[in-house]
Amino acid sequence: MSTPATTVNPFPDTHAEIVDEESGKQASEGIALCLSGGGYRAMLFHTGAIVRLNELGLLPKLKRVSSVSGDSITAGVLGLNWKKLNFDANGRASNLKELLVAPMQTMANQTIDTGSVIGGVLLPGSVSGRITSHYKNILFGDATLQDLPSDAEGPRFVITATNVQSGALVRMSRPYLADYRVGMIKNPKISLAAAVAASSAFPPILSPAEIDVNPRDFVPDPRCDLQREPYTDTMVLSDGGVYDNLGLEPAWKRYKTILVSDGGGQMQPEPEPAGDWAQHAKRILDIVDNQVRSLRKRQLIDSFVSGLRSGAYWGIRTDISRYQVSEPLDAPQEKTIEIANTPTRLKRLPEARQHLLMNWGYAVCDAAMRKHASVFIADTSPKANFPFESAVG
């Protein structure tokens, strides 16, 4: 009897590995950071968390940074500037505020959604194309995915979007762009601004985003059932959070230690939901988002409890007192819930609100890391002060 041929998976970080993920056999040693979506609110919340991770000397230990939606803005800027970070012997970058915090505040000083929507409706071109232009002009210039660090230079940054055509997750990184149904493009030259715009194309207002690709650039693979035009000609994409709003997929299947920063919202009860199609559609999208987020979070927490994965989770709606760490930063829940209710727009935020969001991300990350991931940090002593003005408490 002949022995069946062994099939080699050409997508070592993608769909095929889900078969063995429950056993943990596919996961490698290493730390991955997952950043959720949530517009400027999440962008700044995660920025504060990254400032604290930097102080803890964690950034050089990261093997992967996975991002969805609005926080692909933060990940994109961090990735683009990674090779400029000046790390000391303790793994702390002395110029992180210059290379990450300052650009995030510059971005948060701009309203880009309203004008893009109006222009996309009334003028030639698309809403997403205008968002891309804003990202290019304000943050990324002519940078492409090839300007992100190589695996030898830093963590792999994976910017995700949802393929509206295939229904699958699209991973955009320096080594490849991949959709397990359409195929893989190695070393993609897609602009960083376009990748971030696709990841943050929140439906239905900012979605879809179209990225033109060359069918000849795809690695031939007969197992990809949609590797044909028009799928390999123009990719029609939406917000990465539609598929995976915690950014878990590219990290979960690969690494044993998962850090998740969740800047997303929580759907509130609505006793008399609107009946018109626009508001009703938004309510339905909120329900879908809330359910997907809840399922992903439950999967993550269960994995921590069972020992399948290690790491920490912190969310913008977390009650910091539940971590029960010594001397947490002063962040009473009534105040942090008010901060968490910041709208998820790409709309200018006052500087005081920017500071509040970054300080809250900093504080809750500090508590989560000291409680659940202290093994990865050398100094677990409490922090006395917030890094920015406008203290949370």
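Preceding this paragraph is the structure being described.
Residues numbered from 1 in each chain as written. Predicted model: local features only at pLDDT ≥ 70, side-chain atom pairs only at ≥ 80, totals over all residues. Heavy atoms only, no water.

**Section: a negative patch on the surface**
For step 1, the next point in the chain: A contiguous patch of negative charge on the surface is contributed by Glu 210, Asp 212, Glu 229 and Asp 233.
For step 2, the next point in the chain: Here Glu 229 lies in the loop between strand 7 (209-212) and strand 8 (234-239).
For step 3, the next point in the chain: Assessed through its relative accessible area of 56%, Glu 229 is described here as exposed. (Patch = residues over 30% accessible without salt bridge, like charges linked within 9 Å, V, L, I, M, F, W, Y side chains within 5 Å. Areas by Shrake-Rupley, 256 points an atom, 1.4 Å probe, with all protein chains shown as cover. Salt bridge = Lys/Arg side-chain N within 4 Å of Asp/Glu carboxyl O. Lys, Arg positive; Asp, Glu negative; His and termini not counted. Charge placed at Lys NZ, Arg CZ, Asp CG, Glu CD. Helix = DSSP H or I, 4+ residues; strand = E, 2+ residues; numbered from the N terminus. Buried < 20%, exposed > 50% of the residue type's maximum accessible area, 1.4 Å probe, protein only.)

**A few points about the packing of aromatic side chains**
For step 1, the next point in the chain: This structure, assessed with the given rule, holds 2 aromatic pairs.
For step 2, the next point in the chain: The interplanar angle of 50° and the centroid separation of 5.5 Å between the aromatic rings of Trp 82 and Phe 87 together place this pair among those described as tilted.
For step 3, the next point in the chain: Classification of Trp 82 as buried rests on a relative accessible area of 5%.
For step 4, the next point in the chain: When its relative accessible area of 30% is taken as the criterion, Phe 87 is described as partly exposed.
For step 5, the next point in the chain: The interplanar angle of 65° and the centroid separation of 6.0 Å between the aromatic rings of Trp 82 and Phe 157 together place this pair among those described as edge-to-face. You can see Trp 82 sitting in the loop between helix 2 (71-81) and helix 3 (96-108) and its partner Phe 157 sitting in strand 3 (residues 156-163), a full 75 residues away along the chain.
For step 6, the next point in the chain: Taken together, the ring pairs in this structure connect Trp 82, Phe 87 and Phe 157 into an aromatic cluster.
For step 7, the next point in the chain: Its guanidinium or amino end placed over the ring of Phe 388, Lys 97 lies 4.9 Å from that ring's centre, counting from NZ or CZ.
For step 8, the next point in the chain: Geometry around Trp 252 places Arg 309 over its ring, the cationic atom sitting 4.4 Å from the centre. (Phe/Tyr/Trp six-rings, centres within 6.5 Å; stacked < 30°, edge-to-face > 60°. Lys NZ or Arg CZ within 6 Å of the ring centre and 35° of its normal.)

**Remarks on the nonpolar core**
For step 1, the next point in the chain: Counting 94 residues, the largest nonpolar core has Ile 73, Tyr 135, Met 172, Trp 314, Trp 360 and Met 369 as its most contacted members.
For step 2, the next point in the chain: If one sorts the elements of this core by residue count, helix 10 (residues 351-372) sits on top with 11 residues.
For step 3, the next point in the chain: Formed by 12 residues, the second largest nonpolar core is a distinct cluster that contains Ala 32, Trp 252, Val 260 and Leu 300. (Core = buried A, V, L, I, M, F, W, Y, C linked by side-chain atoms within 4.5 Å.)

**Considerations on unusual backbone geometry**
For step 1, the next point in the chain: Of note, the amide linkage connecting Ser 207 to Pro 208 takes the cis form, showing an omega dihedral of 5°.
For step 2, the next point in the chain: Its location among the elements puts Pro 208 in the loop between helix 6 (192-199) and strand 7.
For step 3, the next point in the chain: Cis geometry marks the peptide bond from Glu 229 to Pro 230, where omega comes out at 10°.
For step 4, the next point in the chain: As for its placement among the helices and strands, Pro 230 is situated in the loop between strand 7 and strand 8.
For step 5, the next point in the chain: The phi dihedral of Ser 69 is positive, around 55°, even though this residue is not glycine.
For step 6, the next point in the chain: Mapped onto the fold, Ser 69 is located in the loop between strand 2 (62-68) and helix 2.
For step 7, the next point in the chain: With relative accessibility at 9%, the residue Ser 69 sits in the buried group.

**Side note on the pattern of salt bridges**
For step 1, the next point in the chain: Overall, the coordinates contain 15 salt bridges when judged by the stated rule.
For step 2, the next point in the chain: For Lys 256, the salt bridge identified is with Glu 29, shortest N-O distance 3.2 Å. Within this pair, whereas Lys 256 is found in strand 9 (residues 255-262), its partner Glu 29 is found in strand 1 (residues 28-35), the two being separated by 227 residues in sequence.
For step 3, the next point in the chain: Between Glu 55 and Arg 52 there is a salt bridge, and its shortest N-O distance comes to 2.9 Å. Residue Glu 55 and its partner Arg 52 are located together in helix 1 (residues 39-55), separated by 3 residues, close to a single helical turn.

**Some points on the environment of Ala 195**
For step 1, the next point in the chain: For Ala 195, the location among the structural elements is in helix 6.
For step 2, the next point in the chain: Judged by its relative accessible area of 0%, Ala 195 is buried.
For step 3, the next point in the chain: Separated by 50 residues in the primary sequence, Ala 195 and Leu 145 place their C-alpha atoms 8.0 Å from one another.
For step 4, the next point in the chain: In contact with Ala 195, not counting residues within four places along its chain, are Leu 145, Ile 159, Met 172 and Ile 190. (Contact = heavy atoms within 4.5 Å.)

**Details of helix 4 (residues 113-122)**
Side chains of residues three or four places apart in an α-helix project in the same direction, reflecting 3.6 residues per turn.
For step 1, the next point in the chain: Along helix 4, the positions that sit buried rather than exposed are Asp 113, Ser 116, Gly 119 and Gly 120. The buried residues of helix 4 occupy an angular sector of 140° when the element is viewed end-on, so they sit on one face. Turned more than 90 degrees away from the buried face of helix 4 sit Val 121 and Leu 122, all of them exposed.
For step 2, the next point in the chain: Packing partners of the buried residues in helix 4 comprise helix 5 (127-140). (Arc of directions from axis to C-beta.)

**Things to note about the environment of Gln 227**
For step 1, the next point in the chain: Inspection of the secondary structure puts Gln 227 in the loop between strand 7 and strand 8.
For step 2, the next point in the chain: Looking at Gln 227, the relative accessible area reads 24%, which means it is partly exposed.
For step 3, the next point in the chain: Taking the C-alpha atoms as reference points, Gln 227 and Met 184, 43 residues apart in sequence, are found 9.4 Å from one another.
For step 4, the next point in the chain: Residues contacting Gln 227, with those up to four places away along its chain left out, are Arg 181, Val 182, Gly 183, Phe 218, Val 219, Pro 220, Asp 221 and Thr 232.
For step 5, the next point in the chain: Looking at Gln 227, its side chain comes within polar contact range of the main-chain oxygen of Val 219, at 3.0 Å.
For step 6, the next point in the chain: Looking at Gln 227, its side chain comes within polar contact range of the main-chain nitrogen of Asp 221, at 3.1 Å. (Polar contact = N/O pair within 3.5 Å; in protein donor to acceptor, adjacent residues only side chain to side chain.)

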